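Descriptive analysis of the structure
The residues making up each chain are set out below.
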Amino acid sequence: MIGFILLMGIVKKNSILLVDFTNQCRAKGMDIHSALLKACPIRLRPIIMTSVATVAGALAEALAIGPGAETIIPMAVAIIGGVVASTFLTLL
């Protein structure tokens, strides 16, 4: 459940970044298609940076060895898979 809460927070942040900037462009008088074409490349870098940092942080847990690793590894794998999938869907 901890991994799920973390994943939902990251997905929410990524979507807010994209939607908020798109709404700012629309408030300036752009149509929705033009606003999305402008917002997506600009917000790509922060979304990718957050996703890569999260995957890199969870990678150490996914490769863990030692006592208690059997409880940490599934959470880390779920976080990595969820972040990769959500990043792809956000940018799609």
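Residues numbered from 1 in each chain as written. Predicted model: local features only at pLDDT ≥ 70, side-chain atom pairs only at ≥ 80, totals over all residues. Heavy atoms only, no water.

1. A short note on a nonpolar patch on the surface
A grouping of M1, F4, I5 and M8 is seen on the molecular surface, where their side chains present a nonpolar patch of about 500 Å² in accessible area. Accessibility expressed as a relative area gives 49% for F4, which makes it partly exposed. (Patch = residues over 30% accessible without salt bridge, like charges linked within 9 Å, V, L, I, M, F, W, Y side chains within 5 Å. Areas by Shrake-Rupley, 256 points an atom, 1.4 Å probe, with all protein chains shown as cover. Salt bridge = Lys/Arg side-chain N within 4 Å of Asp/Glu carboxyl O. Buried < 20%, exposed > 50% of the residue type's maximum accessible area, 1.4 Å probe, protein only.)

2. Looking at the nonpolar core
Nonpolar side chains tend toward joint burial in soluble globular proteins. Counting eight residues, the largest nonpolar core consists of L7, I10, A58, A62, A76, I79, I80 and V83. Within the residue set of this core, elements represented by two or more residues are α1 (2-27), α2 (32-62) and α3 (69-91). Sort the elements by how many residues they give to this core and α3 lands first, with four residues. Formed by five residues, the second largest nonpolar core is a distinct cluster that contains L18, F21, C25 and A35. (Core = buried A, V, L, I, M, F, W, Y, C linked by side-chain atoms within 4.5 Å. Helix = DSSP H or I, 4+ residues; strand = E, 2+ residues; numbered from the N terminus.)

3. Concerning the confidence of the model for the protein
Put simply, the protein has an average pLDDT of 89, and 100% of its residues get 70 or more. Looking over the protein, one finds the lowest element-wise mean pLDDT in α1, namely 88, and the highest in α2, namely 90. (pLDDT = per-residue confidence, 0-100.)

4. Side note on α3
An ideal rise of 1.5 Å per residue puts 33 Å on 23 residues; α3 measures up with 33 Å between its terminal C-alpha atoms. Within the sequence span of α3, burial applies to A69, A76, I79, I80, G82, V83, S86, T87 and T90. Residues of α3 that are buried in the fold lie against α1 and α2. (Expected span 1.5 Å × (residues − 1). Contact = heavy atoms within 4.5 Å.)

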